Structures are given as structure tokens and as C-alpha cells.
Amino acid sequence: MPEYAFFINSSVCSGCKTCQIACKDKNELSKGINWRRVYEIEGGNWKEENGVFTSLPFSYFISLSCQNCANPECVKACPTTAMHVNANGIVVIDHELCIGCKYCAWACPYGAPRYDPLKKVMTKCNLCEDYITKGLKPSCVASCPMRALDFGTYNEITAKYGSGENVFPLPDPGTCEPRIVIKPHKDYLKPCKEHAYVTENEYN
Amino acid sequence: MNTTEMEKGSIFLVLFTVLMQAATGFFILKELFIYTGYCSCNDKVLNISSSAATGIIILIALLTALFHLGKPLNAIYTLNNLKSSWLSREIFFVLIFSAIVFSCFLTDIFLKIKTVRLIFSLAGIIAGTGLIISMSGIYMLNSVPLWNNFSTPAGFILTAIVTGTSLLLLMKEANKTDSFLYAVLFLAILFSAINSILIFSTGNLRLYTLLVARTILSLAAIISVILIYFSIIPNKIPVRLVLLLILLSSEVAGRIIFFTNYTKGGL
């Protein structure tokens, strides 16, 4: 069973949200439902050295959807087994079983499962399974004008880009082993994350 | 990182948890007090009426829970993942506990065999304990650090004791064993209120009004318990009913504070 993974090059992502729109368009998502989300992380502080103050502002973007974790918390939490790993190794939802309890959304540290109030069930990114079975890239990856996103099996992605970094504010990857490789923006190393703001702009 | 305001549907989840804990606490405490001989309330009328009351509370709790779900008709599939889902385990224990309460009710009316009743009591105590543990397990998620600590099971157990004891006081006839129950109630209200304040102070400081309401209601309940304990207020049914209503409102407020403090550790 293949383990699919996304690569995100945060150092070149301009935050244009084309990936988000492409995902909404391809999957015909309802208003307010974003399977892929672009987060803007910004903040800053002052550093004093010999009476001289230097500003330390930072700002970068991270584009996230389902991380297709190797040990998915959403699958463990789902009471009905609606959330499951399918034969292609993709975490998907069986809407015939879903009760819309939102427990998977609580359990997922990346906020990937989204409740659709119209369908009254949980929904989530399926990695554009129909595209990848035809050998195509998911719509978000194909649409990125900065080529900040890439997709493949986890082995392919790590061979190409290395194991990446766990960029702030992503949670400890140890809990669910997300299949994601991130090349961080240079600003992510700035030591003032306690003053950071994370915003998710909704495009509906 | 991002915080979510409590959704409208979550009020049904609040009511479900508080009512289910009340039913469980009531059943367990009643059975424990009866079989340890601490409470002289081992009479048929109390058993039948308390089993019926527990059953009614469970029924209301289950009906309110359905409003929280997007597709309640799919609820039949909720036992599919007992292996890893705490929610699945909670529903399993709800069903077992409900069946035992119903069996107790039928035994008290028709069978009247003490050994059978004792077996049902023990099974009910085990299932009720399993229910409270699995209910706590649901909220102890790695992704929600504010819930993933000892205050969650502590809060749920204390709610069960507070509401269970006040229900027991309401259902049983007044006698000298009430002093012990009021002492238990006093301590449980105190710790429950402290637990709620601790949850509030470590989370996002929102809903001050609710915390003020929770504190005032807890104080009112504590003062009432002290006054009843020292016979300044008569230990009568209307007084106990008012005390139960104050405590239920206080616990609901506390649970809303708990749910509103839902803050993801991730994104």
C-alpha cells in the first residue's frame, strides 16, 4: 500500500491561495469548507543589544490539507469506522457510515476533517484520489503558480526533499506521523514565536 | 492554535454529559449506600422510583445527544470501533448501563430475588464506572492539551457525585444518614467548583459571565448545604428540589466553560 505525501516549500509560498481555490473548485466544496487552507503566520519582537533596539518581524505561509498520517488520530477516534484508510492508503470518509459527531475534527491536530452543515457529515481532502490513480497530481499541487507544492509517495518525496522540518505552529509530528515534508521559510527560525499570530483567511 | 467558539449544537452535548453523569452518579451512589448499609434507604419504593427516575434521565440524555449529531440515523454504526474509539466505548457503556437500569426496575417489580438484584447492582456499578471513564477518554485528546489532563476525569466524576448525591437526597426519605450525604455533597461541590475555575484560568479567558454564574450558584449550593446540615433550613423535599436545580444549573455552566475552552494544540 503506497504512503502518499505532500511537499510544501514554505520559503517560496506567496500565500496567493490558488491551491485553496483549486481544491474548492475541483471538489465543489460548500461555502465555508476548505479542505486545503493557507495559514499566514506573522509576528515579531524587539531585541535590545547595547542600548540599540532591533526589530524582529516575521511572516510566512503554510498551505495545509490532510497529511494522510501513518497513524491517523481521526481514524482511531471515529466511532463508526466511517473514517478509514482505503485500499490505496488514503484516509477517506465513508458518508454512508458517518454520523457527523465531529469527533475526528477534535482528534486531528491539523484540523483536516471539516463538517459540512449542508450534507450533515464530515468531509476531508482525499488527495484527489481520482487524479492520482490516473497518474496526475492533486489539483492544489497542479495549480500552484510558485511550484511550492509537490506530491508523491512518502519515499519519493523524502528522497527528493529530505525529511524537512516541523515548522511552527504545527504540532509535534510524533503523535500521528504526518506524511508531509516542509521546507521552512527563513523567518521560521526567529525566536519570538510567543508573539505570533496565525490567521486562516477564508475564501468562499 | 486557533480557537473555536462553542457551536450551538454543543449545548446538547453539554446536556447529554451532565444528565448521563447525573444518572450514573445517582445509580452508583444509591446502590453503594444501600449495599454497604450506610444509608437506611433499602426499601422497595425507593428502588423502583429511583430506577424509573434514572431511566427517564437516561432517555432524556439520549434524546438530547441525537440533536448533536449530523446524521442521527447512522448512530446504529457507533459500536463499530470499540477497539480504538472512546466515543464508541462510551456508547457501548451507555447501552449496557441503560439495560441494567431497566433490568433493576423489572427485578424490583416482578422478580424480587435479592441475589439477582445484587448481581444487577454490581454490574450497574461496573458499567456506570466504565461509562464515566470512557466519557472522560473522549475528551483526553493529544490535539486538545487543555482537556488532556487530570481535570477532565476529575470534573466528570465530581459532576456525577454532585448531581447523583442531590438526586439521592431528593428521592429518599429524610433521616439521620442525610448528614453524611450532605457532607459528601459539600466536598464534591467545593472541588467541582475549584476544578471549573482551574480549567477556566488555564484556558482562554472568555465567558466571564458564565464563570461568575457558576461561582454564585456553587456558593449558593454550599451555603444551602451548610444551613441544611445545621438544621437552619428544614431538610424537606422542596428545599432539596431547589438544591438539585441549583446544582444542575451550576454543573451545566461549568461544562459550558469546559467546552468553550476547546483550543487545538495544532491548527
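Residues numbered from 1 in each chain as written. Chains lettered and ligands numbered in written order. Predicted model: local features only at pLDDT ≥ 70, side-chain atom pairs only at ≥ 80, totals over all residues. Heavy atoms only, no water.

Participant: Requested: an account of the overall build of chain B, with residues and values cited.
Facilitator: Looking only at helices and strands, one finds eight helices and zero strands in chain B. Starting at the N terminus and ending at the C terminus, chain B contains elements arranged as α-α-α-α-α-α-α-α. The buried share among the 267 residues of chain B stands at 51%. By sequence separation, contacts in chain B at least 24 residues apart represent 78% of the contacts at least 6 residues apart. Surface accessibility of chain B: about 11900 Å² in total, with carbon and sulfur atoms responsible for 76%. (Helix = DSSP H or I, 4+ residues; strand = E, 2+ residues; numbered from the N terminus. Buried < 20%, exposed > 50% of the residue type's maximum accessible area, 1.4 Å probe, protein only. Contact = heavy atoms within 4.5 Å. Areas by Shrake-Rupley, 256 points an atom, 1.4 Å probe, with all protein chains shown as cover.)

Participant: Residues and numbers for the overall build of chain A, please.
Facilitator: Helix and strand counts for chain A come out as six helices and 12 strands. Taken over C-alpha atoms, the radius of gyration comes to 18 Å for chain A, in line with the 17 Å a tight globule of 204 residues would show. With the principal axes as the frame, chain A shows a C-alpha extent of 65 × 35 × 30 Å. The 204 residues of chain A split such that 55% are buried. For chain A, the proportion of contacts with a sequence separation of at least 24, taken over those separated by at least 6, is 65%. Positive and negative side-chain charges of chain A, numbering 22 and 22 respectively, have mean locations separated by a distance of 4 Å. (Rg over C-alpha atoms; globule rule 2.2 N^0.38 Å. Lys, Arg positive; Asp, Glu negative; His and termini not counted. Charge placed at Lys NZ, Arg CZ, Asp CG, Glu CD.)

Participant: So what about helix 3 (residues 86-111) of chain B? Which residues, and what values?
Facilitator: Residues and elements named next belong to chain B. In a regular helix each residue adds 1.5 Å, so 26 residues correspond to 38 Å; helix 3 covers 35 Å between its end C-alpha atoms and thus fits that length. Restricting attention to buried positions, one finds in helix 3 the residues Leu87, Ser88, Glu90, Val94, Phe97, Ser98, Ile100, Val101, Ser103, Cys104, Thr107 and Asp108. Positive backbone phi, approximately 55 degrees, marks lysine 112, located one or two places after helix 3. (Expected span 1.5 Å × (residues − 1).)

Participant: Give me the pattern of salt bridges: which residues, what numbers.
Facilitator: Residue and element names in this part refer to chain A. In total, this model carries 10 salt bridges over all chains according to the counting rule given. Aspartate 130 is the partner of lysine 26 in a salt bridge, and the nearest nitrogen-oxygen pair spans 2.7 Å. Remark: aspartate 130 occurs in helix 4 (residues 129-133) and lysine 26 occurs in helix 1 (residues 18-27); sequence separation between them is 104 residues. The exposure class of lysine 26 is partly exposed, given its relative accessible area of 22%. We classify aspartate 130 as partly exposed; its relative accessible area is 35%. (Salt bridge = Lys/Arg side-chain N within 4 Å of Asp/Glu carboxyl O.)

Participant: So what's going on with the interface of chain A and chain B? Residues and values would help.
Facilitator: Contacts between the two partners involve 36 residues from chain A, matched on the other side by 33 residues from chain B. Buried area between chain A and chain B, both sides added, is near 2500 Å², and the carbon and sulfur share of it is 61%. Three residues, Ile99, Tyr103 and Trp106 of chain A, lead the burial of chain A against chain B; their summed loss comes to 29% of the area buried on that side. Connecting chain A to chain B are zero salt bridges. At the surface where chain A touches chain B, the tally comes to 19 residue pairs in polar contact (both at pLDDT 80 or more). Mapped onto the side of chain A that touches chain B, the elements with two or more residues apiece are helix 2 (73-77) and helix 3 (103-107) of chain A. For the side of chain A that touches chain B, the per-class residue count stands at 24 nonpolar, six polar and six charged. (Buried area = accessible area lost by both parts, 1.4 Å probe. Polar contact = N/O pair within 3.5 Å; in protein donor to acceptor, adjacent residues only side chain to side chain. Nonpolar A, V, L, I, M, F, W, Y, C, P; charged D, E, K, R; others polar.)

Participant: Tell me about the layout of surface pockets, and please be specific about residues and values.
Facilitator: When its volume is computed, the second largest pocket comes out at roughly 510 Å³. Looking at the second largest pocket, it is lined by 25 residues, and the ones nearest its centre are Phe16, Leu62, Ala65, Leu69 and Ile91 of chain B. Every element with two or more residues in the lining of the second largest pocket is listed here: helix 3 of chain A together with helix 1 (10-35), helix 2 (44-68), helix 3 and helix 4 (114-139) of chain B. The element that contributes the greatest number of residues to the lining of the second largest pocket is helix 2 of chain B, accounting for six residues. Classifying every residue of the lining of the second largest pocket gives 21 nonpolar, two polar and two charged. (1 Å grid on protein atoms, 1.4 Å probe; cavity = no way out; pocket = protein on both sides within 12 Å on 5 of 7 lines; lining within 4 Å. Points joined across faces, edges and corners; volume = space filled by probe spheres on them.)

Participant: Could you give an account of the state of the cysteines, naming the residues involved and the relevant values?
Facilitator: Residues and elements named next belong to chain A. According to the stated counting rule, one finds zero disulfides over all chains in the structure shown. Lacking any disulfide linkage, cysteine 98 is separated from the closest cysteine sulfur, that of cysteine 104, by 6.4 Å. Of the residues examined, cysteine 104 reaches a relative accessible area of 7% and is grouped as buried. (Disulfide = S-S within 2.5 Å.)

Participant: Explain the side chain of threonine 159 of chain B residue by residue, including any values.
Facilitator: With respect to the helices, strands and loops of the structure, threonine 159 of chain B is situated in helix 5 (residues 151-171). Apart from residues no more than four positions distant in its own chain, threonine 159 of chain B is found in contact with Gln21, Gly164, Glu251 and Arg255 of chain B.

Participant: I'd like a rundown of the sheet that holds strand 1 (residues 4-9) of chain A, residues and numbers included.
Facilitator: All names here are of chain A. Spatially, three strands are ordered 10-1-11 in an open sheet, and the strand pairing comes out mixed. The sheet is open, and its two edges are formed by strand 10 (149-153) and strand 11 (180-183), each paired on a single side. Averaged over all adjacent pairs, the angle separating strand axes in this sheet is 15 degrees, with direction ignored. With four bridges joining them, strand 1 and strand 11 adopt parallel strand pairing. (Pairing = 2+ DSSP bridges. Axes fitted to C-alpha atoms, helices over the stretch in contact; angles between N-to-C directions.)

Participant: So what's going on with the confidence of the model for chain A? Residues and values would help.
Facilitator: Averaged over every residue, the pLDDT of chain A is 88; the share at 70 or more is 93%. Strand 12 (residues 197-200) of chain A is the least confidently modelled element of chain A, averaging 68 in pLDDT, while helix 5 (residues 139-143) of chain A averages 96, the highest of any element. (pLDDT = per-residue confidence, 0-100.)

Participant: Any chance you could break down the pairing of strand 1 of chain A for me, citing the residues and the numbers?
Facilitator: Residues and elements named next belong to chain A. Judged by how many residues are buried, strand 1 sits mostly within the fold: six of six residues are covered. Here strand 1 shows two buried faces, one formed by Tyr4, Phe6 and Ile8 and the other by Ala5, Phe7 and Asn9. Direction of pairing for strand 1 relative to strand 10: antiparallel, over a ladder of five bridges. Each residue of the ladder has a partner; that of alanine 5, found in strand 10, is glycine 152.

Participant: Describe a nonpolar patch on the surface, listing the residues and the values that go with them.
Facilitator: All names here are of chain B. Nonpolar side chains collect at one region of the surface, where Leu79, Leu82, Phe92, Leu95 and Ile96 lie side by side and expose about 370 Å² of accessible area between them. Positionally, phenylalanine 92 belongs in helix 3. We classify phenylalanine 92 as partly exposed; its relative accessible area is 32%. (Patch = residues over 30% accessible without salt bridge, like charges linked within 9 Å, V, L, I, M, F, W, Y side chains within 5 Å.)

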